[in-house]
Amino acid sequence: MTQPMDPTAAGIETPMQLPMPIRPAGWITRGKRGVLMATLVWAFLSAFIVWWHLHFGMIQYGGLDGGLLVNIAWQEYLGAEPYRDFFTPIDPLFVFPAGWAFELLGPTWHSLLVLIAFFSVATFTWAWLLLRKAGLNSIYSLALSFAIQAMTTMPFSWWWYNQVTSVVAAIFIGSSFLLLMQPRDPWARLSFWMALFLLGLAKSNVAGPMLIVFLGALLWEKTTRKFTLAATLTAGLAAVAFLGFHGISVPLLVNSYLILSDRLWTPQMWMGNFVADINPWVNKISFPCIALLLAAPLFMFLQMAKTRTEAIPLRAIFVLSFMTTLSSMIGLAVNRDLKMTDAARCLVAAEMMALFLQKTHAPIRLNIMRLVTVVAIVLTFTGLTIGALRVRVFSIGPGRYAEHTPLKTLSQPAFFQGMQVGPTFDETIEDIATVLAGEGWPGNRHLKIFMGPRIDCCYAAFDVPVEPGLAVFWEKIPSTHHGENIPDGDGEGIPEYQRRPSRWIQDGEPLDPRVQRFIDAKFDLCLFCLNFDGIPNLTLMPPDLRAELYAHYHVDYHRHIAVFRRIAGN
């Protein structure tokens, strides 16, 4: 008697054998109705992402990070080139789009929100197509792609380098796995090349390790070797050409990265950041989820070792999986940001690893995909919650500008029109407007004005030009002073290893050119916000710069700012 054929013996997957997330679901995923449903869900989620950023990005202001972003974008808008005309150790993928937003949409805070909304929708769509191409159904792919945004950009809702790098890195990981799955597919190759180019311009502490080992793993495999080599060369040349177009050499960019490298690799920074989130209650949710995702590769390989199956490129998968884990741990230990920001990479890697297993390891694949689904749901709702509560903004100088008080909608200055802020930020803006008006600004255009940390957004807000050759933040500028007898407010409680320069200039050496430029500029006014103890916020400024201020300026105090006016004849 003839026995019925076992479909698995012929390598055929039946619907009941497939893990739930990729099991056909009738009219929802099949045919024209499936395409229509997926398109409608994509359109709804895209519109929701845009609304989210434009709405919540206008609620509360993060002084230090927001000021840094605005300062960079404003200087680019005025025609300055990053790394050459002003110092910043931040990656080009963050720096240049900020300036483009001002140039295309005008210098307003709203322009930066439009930028992050566009980026979020573009990468959300990219991730959806990537996961769909890898084998997931459209609805589940959309859900995971939305989860990536909910874990990265949506808790913040304005343009910031950790979130941007994490999203691009997650897409690069997915593209690398897809290239292993379908090495000759044109879409897989295009996705990989684009992600490779963008990651090459992204934050170095995440991008550097990933690029080195991921490219090595793909060069190791015969099926991807030739294309990976060609993609690396062409994407590298494209990145160098992009930088060269802006007058930036690779050594100049690398040197700007190294300025802060010693701080990033201190044991205190590693241990402090790895175990502590910017927000404790968020950490209690996100850290266990991340630990499960980091353990997924180990779980998978322990299970696969029992069957000794070599049907898939295990060496490359192991390297990619291990490197995803390692790069995520580096990000967790170095980035002073929400832990879930770095979880996006682990989420994509775990999902793509599961898709590699196919019929021979269906139970393992199902368990990993269940884990990914649960973690994605938890972190999605957590990310949306903290985004709506503005938790990330409250972490930027707690109580400085983001406050648990009734908010006021600003009408002036036009830069912040429509933004809802607390009384401290509102009164700080009023103080600055009063001081500048008293000096005849903006009519008095020969006046030289310097805006300190947390209020450097007011360069753009009040149409103040920035003196060329300065730094956008001064934390690691070397100095001839050791800080003795120089008034220094420490009301922010910033640790010693973060606020003191790492290297002191020896006697007889020239000052750092950025400090020298500040001294040579002979500013008429230097404005700084006040610490909670009423002392001017000079904590992050180099001692030489603080010495210059107290030697050649006298200080007037307002509600929330200190105004250093240059003494006549100095």
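The paragraphs below set out a description of the structure included in this document.

Within the protein one finds 22 helices and six strands. With 570 residues in all, the protein has 57% of them scored as buried. Taking the contacts inside the protein whose residues are at least 6 apart along the sequence as the reference set, 74% of them involve residues at least 24 apart. For the protein, the computed accessible surface area is about 23300 Å², with 65% contributed by carbon and sulfur atoms.

All told, the structure shown has 15 salt bridges when counted by the stated rule. The salt bridge involving Asp85 is made with Arg84; its shortest N-O contact spans 3.7 Å. Here Arg565 and Asp556 are joined by a salt bridge, their closest N and O atoms 2.4 Å apart. For Asp556, a relative accessible area of 28% gives the class partly exposed.

On the surface, Trp100, Leu104 and Leu105 cluster together into a nonpolar patch covering about 350 Å² of accessible area. With respect to the helices and strands, the residue Trp100 is situated in helix α3 (residues 92–105).

Here the structure, examined in full by the defined rule, presents 40 aromatic pairs. Relative to Phe518, the ring of Phe450 has its centre 5.0 Å away and its plane inclined at 90°; by these criteria the two rings are edge-to-face. A residue pair is termed long-range when its members are at least 10 positions apart, and Phe450 in strand β3 (residues 449–451) and Phe518 in helix α21 (residues 513–521) qualify at 68 residues. Comparing Phe450 with Phe518, the two get one shared label, buried. Ring centres of Phe450 and Phe523 lie 5.5 Å apart, and the angle between their planes is 55°; on these two criteria the pair is classed as tilted. Pair noted here: Phe450 is in strand β3 and Phe523 is in the loop between α21 and β4 (525–529), with a separation of 73 residues, a long-range link. The class of Phe450 is buried, set by a relative accessible area of 3%. Positioned above the aromatic ring of Phe87, the side-chain terminus of Arg514 is 4.4 Å from the ring centre.

Conventions and cut-offs
Residues numbered from 1 in each chain as written. Predicted model: local features only at pLDDT ≥ 70, side-chain atom pairs only at ≥ 80, totals over all residues. Heavy atoms only, no water. Helix = DSSP H or I, 4+ residues; strand = E, 2+ residues; numbered from the N terminus. Buried < 20%, exposed > 50% of the residue type's maximum accessible area, 1.4 Å probe, protein only. Contact = heavy atoms within 4.5 Å. Areas by Shrake-Rupley, 256 points an atom, 1.4 Å probe, with all protein chains shown as cover. Salt bridge = Lys/Arg side-chain N within 4 Å of Asp/Glu carboxyl O. Patch = residues over 30% accessible without salt bridge, like charges linked within 9 Å, V, L, I, M, F, W, Y side chains within 5 Å. Phe/Tyr/Trp six-rings, centres within 6.5 Å; stacked < 30°, edge-to-face > 60°. Lys NZ or Arg CZ within 6 Å of the ring centre and 35° of its normal.

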